[in-house]
Amino acid sequence: WLPDDVAAAIGAQAGDTVTVGVEGQTTSEHVVGVYPSLVNHGFDSYWCTLRGTLGTSTVFNDGIPPPLVITDEARAQGLAARFGLRQLAYRVEAPLAAIPRTLTEARAATARFDRVDAAIPSFSSTGGPASYTVPSRLRYVTNRAAAIRTSVAGAVMPMAIVSGLVALGLVCGVTGAWLDRRRTEVRLLWIRGVSPWLIGLKAVLEMFVPLVVGVAAGAGLALGLIRVLGPSPRFDAGATATAAWWALGALALAVAAIASTVVVRLRSGLERVGVRRRLPVPILWEIPVLLLAAWSLHRFNEKGLPTVEGATLPPVDVLSLLFPLLFLAGALGLAARLLRVVLSLTRRVGERWPISWYLAVRRLAHERGAVLVLAGLAAMAVGVVVYGNGLVRSTNATVAAKSGVSLGASSVAVRYGSGDGVPAALAGRATQIRLENNAIYGDGRLDLLVVDPSTFADGAYWDASLNRRSLSALLQELSTPTPDGSVPAIAVNGQVPETAPISPSNRPQYTATIRVVDTIPVFPGVAPGSPMLVVAKDRLGAMEPILNRVVWTSASEDEVRRVAATDNRPIVYLVTSEQITDSSPALPIVWTFSFVQALGVLVGVLAIVALVAYVDGRQRARSVATALLARMGLSARRHWRSLVAELASLAVVAVVLGAVFGWIAVTAVHAHLDPIPDRFPAPLLRFPLVAVVGVAALAAVTVLAGSALAQRAAADVNLGEALREDV
């Protein structure tokens, strides 16, 4: 059986006789059929394990493996005996009955596979017993999946615990708000001799239903998000039960936190008499936290985030991953101290401000303790979101850039067996380059890339951050004649002689003189460890037509194959950007910092809940003052403006500080997050603009909603009832 492209090239069909041979020995064989060459017609999943073998079926080209002829075992053994071949390679296909979808299923399939492996007998040949190997990727993929899961779990578990502690802090804050709302009732119970623990039990009973609903909703939301967002919609054995136990543990901790908060607040507020003394020297806890963050950053820069190496993964350094949380906590703590001073000053200088701003500043200054805690919580959320989203976007951009630079094309690189130039159907979306690997340049060797400046941007991959100069400027240099008539060239990835002759490695009679006009680190098509020269087309004379022709295009693989069939251009090879770079080493990075981003979203939700509790609690505490101000002529519009100014000040401070410190953390670590270090370019940096805009928009909505809620509560205040309740 002959592949159809070969049959067309030699004019053979079923029933004809063709000559086959090995190293000068030939024989005539009968053609019984022609099969569609899969490299031209595309592979489906059935051919996965044989793609490396069947993918070499091409027309005859120098440097390309010969076409694949298919025959039966008896004919193959006869040909081997006729040509004196001492060894034949045998392959046994043992397809899986069902594709494993989880790690547990994959491990079970691997165990069955090992039993099959042990049962395969050694084949024998004319040369004696032959050894055998089992090149299945099942064991490799299973081990890699287990390594990635262990790595990601080890990285996110400490952050999950931190998020749980933050949530626990919110529970304590809500409990404090409950005590403020029930202060009269709680005081009466205390006077009647009710134990603090019984009052705590009362709080637990009142909040138990919301707690259960919240825990159940959280667990259900988590499981639902995993199904929607991945990494896989399927749960491994025991995953749901483990999540349920964690949820029950969280519920128990929340119950204990509510009761303990009530007891501590009652004993510190009602049992102890006197004013708490302040320390003569404030404790700057932020300094040791920032020092610990610097140590964590140092460890991170030394080790980086672990990436997949084969099927193994080095252990995760948890302390290095805590850098953003430590840095944000320390930096925001120092910022809070500065804001405390600023609030004290504005309280003194704001007397001549408009009434809305005056009221807002007075409220913020009076409640600066709660205000700074709330602003710090919100800024922490913004910072973590910016950090996580910035590193995820930067990592994804880096992987895409490495794939594009390695391939050269923005989507597909295809080499046709016939025809020259870009197919008409791909015009405006493709460019043809000519390539010579291992060309002779002076006394050394390098790669030679010939580009068409007029169409290069149509199909080649390019990112503005790859080089200091734009693509148009670089191509213009290639089109500018040199004074001595030599061929202008751009040197990539290394220093080469400024001027020297160049020629193909296998045809030294073709030569041209090159003059290097610029040197850059990265260019599409460059390979690590190999310098490259880039020249413009129509400058190399007779050498150019003998170089390999490759079309780089932004079109899809399916469209490229359809064009090849329509134009009768057999495909020698076709590579897509997805195939050129294994992106799985980047998965632990993306998943880890996606979780960090989710942690920031969680903290942001907690900040919103805390803001609602703050607005509700403060409005109740200000009910008398609000009613008196209304009696003295303060309009509802001005009061609403004061509320907006108060909450907007909190939101602006949180968003600005969080975004700035989060971005500083991104710039500190991104250079050491290289999932594929053996490929160009170096890690790219991308600002999370969408995340920042989204956070700002959410903050604006929260401010408007919170101010509307507080204004509505203020409008419903009854002065007489407020005075009686305040007694």
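For the structure itself, consult the block above.
Predicted model, so just to flag it, every value in this text is computed and none were measured. (Residues numbered from 1 in each chain as written. Predicted model: local features only at pLDDT ≥ 70, side-chain atom pairs only at ≥ 80, totals over all residues. Heavy atoms only, no water.)

Undergrad: Explanation requested: the overall build of the protein in the structure shown.
TA: In terms of helices and strands, the protein carries 23 helices and 15 strands. In the protein, buried positions account for 41% of the 727 residues. Restricting to contacts in the protein with at least 6 residues of sequence separation, those with at least 24 account for 78%. Element-wise, carbon and sulfur atoms account for 61% of the exposed surface of the protein, whose accessible area totals about 38,300 Å². (Helix = DSSP H or I, 4+ residues; strand = E, 2+ residues; numbered from the N terminus. Buried < 20%, exposed > 50% of the residue type's maximum accessible area, 1.4 Å probe, protein only. Contact = heavy atoms within 4.5 Å. Areas by Shrake-Rupley, 256 points an atom, 1.4 Å probe, with all protein chains shown as cover.)

Undergrad: Sorry, what's going on with helix 14 (residues 368–407) here?
TA: It helps to recall that an α-helix has 3.6 residues per turn; residues three or four apart then point in one direction. End to end, helix 14 covers 57 Å across 40 residues, agreeing with the expected 58 Å (1.5 Å per residue, within 8%). Phi turns positive one or two residues past the end of helix 14, at Gly-408, with a value near 95 degrees. (Expected span 1.5 Å × (residues − 1).)

Undergrad: Before we go on, may I ask you to explain the packing of aromatic side chains in this structure?
TA: Aromatic rings considered in pairs are described by the distance between their centres and by the relative angle of their planes. Per the stated rule, a full pass over the model turns up six aromatic pairs. Taking the centre distance of 5.4 Å and the plane angle of 15 degrees together, the rings of Phe-456 and Phe-523 count as stacked. Remark: Phe-523 occurs in the loop between strand 12 (512–520) and strand 13 (532–536) and Phe-456 occurs in helix 15 (residues 456–459); sequence separation between them is 67 residues. Judged by its relative accessible area of 1%, Phe-523 is buried. Ring geometry for Phe-456 versus Trp-552: centroids 6.1 Å apart, planes at 55 degrees, classification tilted. Within this pair, whereas Phe-456 is found in helix 15, its partner Trp-552 is found in strand 14 (residues 548–553), the two being separated by 96 residues in sequence. Note on accessibility: Phe-456 and Trp-552 belong to one class, buried. Taken together, the ring pairs connect Phe-456, Trp-462, Phe-523 and Trp-552 into an aromatic cluster. (Phe/Tyr/Trp six-rings, centres within 6.5 Å; stacked < 30°, edge-to-face > 60°.)

Undergrad: Would you explain the pairing of strand 12 in this entry?
TA: One face of the sheet, then the other: side chains in a regular strand alternate in exactly this way. Where strand 10 (residues 487–492) lies against strand 12, six bridges are found, and the strand directions are parallel. Paired with Val-492 across the two strands is Ile-520, which belongs to strand 12. The pairing of strand 11 (residues 499–503) with strand 12 spans four bridges and is classified as antiparallel. For Thr-499, the partnering residue across the bridge sits in strand 12 and is Arg-515. (Pairing = 2+ DSSP bridges.)

Undergrad: Whenever I open this one, the side chain of Thr-102 confuses me. Can you help?
TA: Summarising the element assignment, Thr-102 is placed in the loop between helix 4 (73–83) and helix 5 (103–119). Those residues within four positions of Thr-102 in sequence are excluded, and the remaining contacts are Arg-234, Phe-235 and Asp-236.

Undergrad: Just checking my understanding: could you explain a nonpolar patch on the surface for this structure?
TA: On the surface, Met-157, Ile-161, Leu-165 and Trp-246 cluster together to form a nonpolar patch covering roughly 440 Å² of accessible area. Top element by residues in the nonpolar patch is helix 6 (residues 138–181). It accounts for three residues. (Patch = residues over 30% accessible without salt bridge, like charges linked within 9 Å, V, L, I, M, F, W, Y side chains within 5 Å. Salt bridge = Lys/Arg side-chain N within 4 Å of Asp/Glu carboxyl O.)

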